[in-house]
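So you can see what is in the structure, the chains are spelled out below.
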Amino acid sequence: MARTEILAGLVVALALIPEAISFSIIAGVDPSVGLFASFTMAVVISIVGGRSAMISAATGAIALVVAPLAREHGLSYLIATVILGGVFQIVLGALGVARLMRFVPRSVMVGFVNALAILIFMAQVPELIDVPWPVYPLFAGGLVLMVLFPRLTKVIPAPLVSIVALTALTIAAGIAVPTVGDKGALPSSLPSPGVPDVPFTFGTLGMLAPYALAFALVGLMESLMTAKLVDDITDTHSDKTREAIGQGIANIVTGFFGGMGGCAMIGQTMINVKTAGARTRLSTFLAGTFLMILCIAFGPLVSRIPMAALVAVMVLVAFGTFDWHSVSPATLKRMPAGEIIVMVVTVAVVVATDNLAIGVVVGSITAMVIFARRVAHLVDVAAVADPDGAQVVYAVTGELFFASSNDLVYQFDYANDPDKVVIDLTEAHIWDASTVAALDAITTKYAARGKTVEIVGLNKHSARMHGKLSGELAAGH
């Protein structure tokens, strides 16, 4: 329903304002730079993105990437990096980087979600430390209101009701607590387009490229992971390639309008999709539009929103995002140890680095190592000797690749086997050059003793790989 999308966009816009200002501070730029980025990212991605109802705006991960550049070289170089990063994202999207999401295991995804919830919660903690005592009852009241209000009606999102109610209370009662305005001044006009004031030379390109590439990779990682999460929540499929290219387009536009760049915002997306129930691009478009309207037309009023109200919203989002089922004793008891390790590693790395992308990469690598070790032990070699002793047949079963084929060489009795040895690979599959090299080593060891080896039962793929590489992998080739 249009009402749901409109109200969801309004709630998200209210939650975006303090976040964008905070990320601007992290990046070392004026608050308007983050707010402009959130406006342009949301509006553009609502049109060109591949995932409906997902919110893209200025984010903490992007702020951390560009902060050193802004600190050392200034805003113009930061904006040029955002534009170049957007170009990289378009190229990576066109090359099919989105398809790599297939290699992210479920245990990494669960770890990603849980780590995200922890980061959202931890980001709110500073807002509850060393603050006037009225913050605490306001915060508690906001939580209670959001939990109980949906029992009365779901026509109006509970977070919006909570924000309006707490703001009205603090203004009417004259309660002095930290507000949105304390985070920084809101812009009073729309952003205007322009070209970054940097030298257009290869030297500038060389300096910006590493930052831009990091920007592109972190942005795509968070955006594609968030898109996958929304897919699961809404039981719908999104176009990841279009999303990757769309992120690039949105960042290029954002750069030309003086924004600090951004990517998908998981916390705000959860507010939009899970809390407010939005499902279409309209909510994303309106989140960006309302953001600018609130800043420009209602800036003085928005500045008086108590931070306690927004913190309560984000804490509830954190608790709703965490996959509590994944850490229940019953689930942990049934889950393979390797899966639990991958989930814990992902969470630990994300929380330690404050970077979701690094956690996903480390978690995926951990999952691959555990998988490789597990599969490596599934290779079996069984010897069957002829009754007359003229030959011996070794039946090899399993997936042969670098991890499993390393031990293959030691499964044969080179000294005592008869003169003819048959290696039957009917129930095996050759995956890589390491296996071909191992088979060559086995053949060489038998040949040194005057014995012949015949390899039989190769399937089509294995035969092609063995035929192409056998005899070509020894030292000197």
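Residues numbered from 1 in each chain as written. Predicted model: local features only at pLDDT ≥ 70, side-chain atom pairs only at ≥ 80, totals over all residues. Heavy atoms only, no water.

Attention now goes to the overall build of the protein chain. Assigned secondary structure in the protein chain consists of 19 helices and six strands. Its C-alpha atoms give the protein chain a radius of gyration of 29 Å, more than 25% over the compact-globule value 23 Å for 477 residues. When its C-alpha atoms are laid out on the principal axes, the protein chain stretches across 100 × 60 × 40 Å. Out of the 477 residues belonging to the protein chain, those deemed buried represent 52%. If you take every contact in the protein chain between residues at least 6 apart in sequence, the share linking residues at least 24 apart comes to 84%. Summed over all atoms, the accessible surface of the protein chain reaches about 21100 Å², with 66% contributed by carbon and sulfur. Charged side chains of the protein chain number 27 positive and 31 negative; the gap between the two group centres comes to 8 Å. (Helix = DSSP H or I, 4+ residues; strand = E, 2+ residues; numbered from the N terminus. Rg over C-alpha atoms; globule rule 2.2 N^0.38 Å. Buried < 20%, exposed > 50% of the residue type's maximum accessible area, 1.4 Å probe, protein only. Contact = heavy atoms within 4.5 Å. Areas by Shrake-Rupley, 256 points an atom, 1.4 Å probe, with all protein chains shown as cover. Lys, Arg positive; Asp, Glu negative; His and termini not counted. Charge placed at Lys NZ, Arg CZ, Asp CG, Glu CD.)

Among the nonpolar cores identified, the biggest contains 100 residues, and Ile17, Leu35 and Met260 are the most heavily contacted of them. Sort the elements by how many residues they give to this core and helix H1 (residues 2–27) lands first, with 12 residues. Among the nonpolar cores identified, the runner-up in size contains 21 residues, and Val381, Leu439, Ile442 and Tyr446 belong to it. (Core = buried A, V, L, I, M, F, W, Y, C linked by side-chain atoms within 4.5 Å.)

Now for the sheet that holds strand E3 (residues 380–385). Spatially, four strands are ordered E3-E4-E5-E6 in an open sheet, and the strand pairing comes out mixed. The strands lining the two open edges of the sheet, one partner per strand, are E3 and strand E6 (452–456). Neighbour to neighbour, the strand axes of the sheet diverge by 20° on average, direction disregarded. Relative to E6, strand E5 (residues 420–430) is paired through five bridges, and the arrangement is parallel. (Pairing = 2+ DSSP bridges. Axes fitted to C-alpha atoms, helices over the stretch in contact; angles between N-to-C directions.)

Bringing the packing of H1 against helix H7 (residues 158–173) into the picture now. How two helices pack is summed up by the angle between their axes together with the distance between the axes. Two elements in contact, H1 and H7, have axes whose closest approach is 9 Å; the angle formed by their N-to-C orientations is 50°. Comparing their axes, H7 and H1 come out oblique. Viewed along their axes, H1 and H7 form a crossing whose handedness is left-handed. For the pair H1 and H7, the contacting residues are Leu7, Leu10, Val11 and Leu14 in the first and Pro159, Leu160 and Ile163 in the second. Taken together, the residues that form the contact of H1 with H7 break down as seven nonpolar, no polar and no charged. (Parallel < 35°, antiparallel > 145°, perpendicular 65-115°, else oblique. Left-handed = near helix turned anticlockwise from the far one by under 90°. Nonpolar A, V, L, I, M, F, W, Y, C, P; charged D, E, K, R; others polar.)

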